[in-house]
Amino acid sequence: MKTDPPTWHPDPRKPAYAPPAGAVDAHCHVFGPGDRFPYAPERKYTPSDAPKDMLFALRRHLGFARNVIVQASCHGRDNAALLDALRTDPENCRGIAVVDPDITDARLEEMDAAGVRGVRFNFVRRLVNPDPTDVSARLAARVAELGWHVVVYFEAADLTELAPFLRSLPTDVVIDHMGRPDIAAGVESADFAAFRRLMEDEKFWVKVGCPERLTQAGPPYDDVAPFARKLVESFPDRVLWGTDWPHPNMKSHQPDDGLLVERIPVIAPTETLRQKLLVENPARLYWA
Ligand code: 0GY
């Protein structure tokens, strides 16, 4: 499979907005390097290598202190690159893994010791062939015993069908990319209202980043900001923010991570909201 050109900005600006001490980039990935950590045979894209050293350099450049690294579909269920990154900086990194439903308890405990705090269920069919929900539910019951949570990635069109499963999970549930709302439909759309109704259940958390993937207008992503701001103001104690670096599979443009950080005060307009979004909420979920 042909390697995609780099999806990340080669020279992100130093953001004019400085995040508070202890700020967490709660959604980012590591890719390879492929010669040491091969990409999964079943992958739907082959990224350019974006290894841990690049991620940690970006974190320093952006003024962040910690990372939550999420297993991306291009690495399938082999979490070796993720675990290697976590073990390089165990104080400041936590991870979300994608695992085989029949993984052993010993292996889960090993991952826990390395800093994994959850499993990701990906329902986006252009990226994976999702497991049946009863299989995922059994895995969720097992990881609940470790105090882990579940991260879910799905398209807005699938929310109605998935909602009963999501509500039934015995763990906290973190939703990637605001549930991928249809930006053109507007912040008052029935679908986004349904998403906010789901969020009223206190088990749900939501990541309010990723405007670059949802936008129709392009940078600086003014069309996406009202969605994120609405969630931050409605659920201030259950929102997280991440760069989504290295922006897997992005085709329209290479987002400037400095710009993404500069947008934080637009979606979280007070210092109190930003402290919760960037520091307190991720600390509670990942470092307690
Ligand atoms: C993201 C989004 C994407 C990719 C993945 O696991 C992945 O490959 O999550 C996407 O293509 O929307 O969260 O990074």
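Residues numbered from 1 in each chain as written. Predicted model: local features only at pLDDT ≥ 70, side-chain atom pairs only at ≥ 80, totals over all residues. Heavy atoms only, no water.

Undergrad: Tell me about the packing of aromatic side chains, residues and numbers included.
TA: Using the criterion set out here, one finds eight aromatic pairs in the structure. Ring centres of Phe123 and Phe165 lie 5.9 Å apart, and the angle between their planes is 75°; on these two criteria the pair is classed as edge-to-face. Taken together, the residues span a long stretch of sequence, with Phe123 in the loop between strand 4 (116-122) and helix 4 (133-144) and Phe165 in helix 5 (residues 159-168) at a distance of 42 residues. An angle of 65° between the planes, with centres 4.9 Å apart, marks the rings of Phe192 and Phe227 as edge-to-face. Here the residue Phe192 occupies a position in helix 6 (residues 190-199), and Phe227 occupies one in helix 8 (residues 225-234), the gap between them amounting to 35 residues. Here Phe192 and Phe227 have matching classes, each one buried. Through pairs of rings, three or more aromatic residues link up here, namely Phe121, Phe123 and Phe165. The ring centre of Trp287 lies 4.3 Å from the NZ or CZ of Arg66, which sits over that ring. (Phe/Tyr/Trp six-rings, centres within 6.5 Å; stacked < 30°, edge-to-face > 60°. Helix = DSSP H or I, 4+ residues; strand = E, 2+ residues; numbered from the N terminus. Buried < 20%, exposed > 50% of the residue type's maximum accessible area, 1.4 Å probe, protein only. Lys NZ or Arg CZ within 6 Å of the ring centre and 35° of its normal.)

Undergrad: Which residues make up the sheet that holds strand 2 (residues 66-70), and what are the values?
TA: To summarise the sheet geometry, strands pair through backbone hydrogen bonds and adopt either a parallel or an antiparallel arrangement. The eight strands are arranged 1-2-3-4-5-6-7-8 in an open sheet whose pairing can be described as parallel. At either end of the open sheet lies a strand with only one pairing partner, and these are strand 1 (24-28) and strand 8 (239-240). By the bridge criterion, three bridges tie strand 6 (residues 173-175) to strand 7 (residues 204-207) in an arrangement that is parallel. Bridge pairing links Val174 to Trp205 in strand 7. In the packing of helix 1 (residues 52-62) onto the sheet, the strands contacted are strand 1, strand 2 and strand 3 (93-97), and the crossing angle to strand 2 comes to about 140°. Contacts from helix 2 (residues 80-88) reach strand 2, strand 3 and strand 4 within the one sheet, and its direction differs from that of strand 3 by about 165°. (Pairing = 2+ DSSP bridges. Contact = heavy atoms within 4.5 Å. Axes fitted to C-alpha atoms, helices over the stretch in contact; angles between N-to-C directions.)

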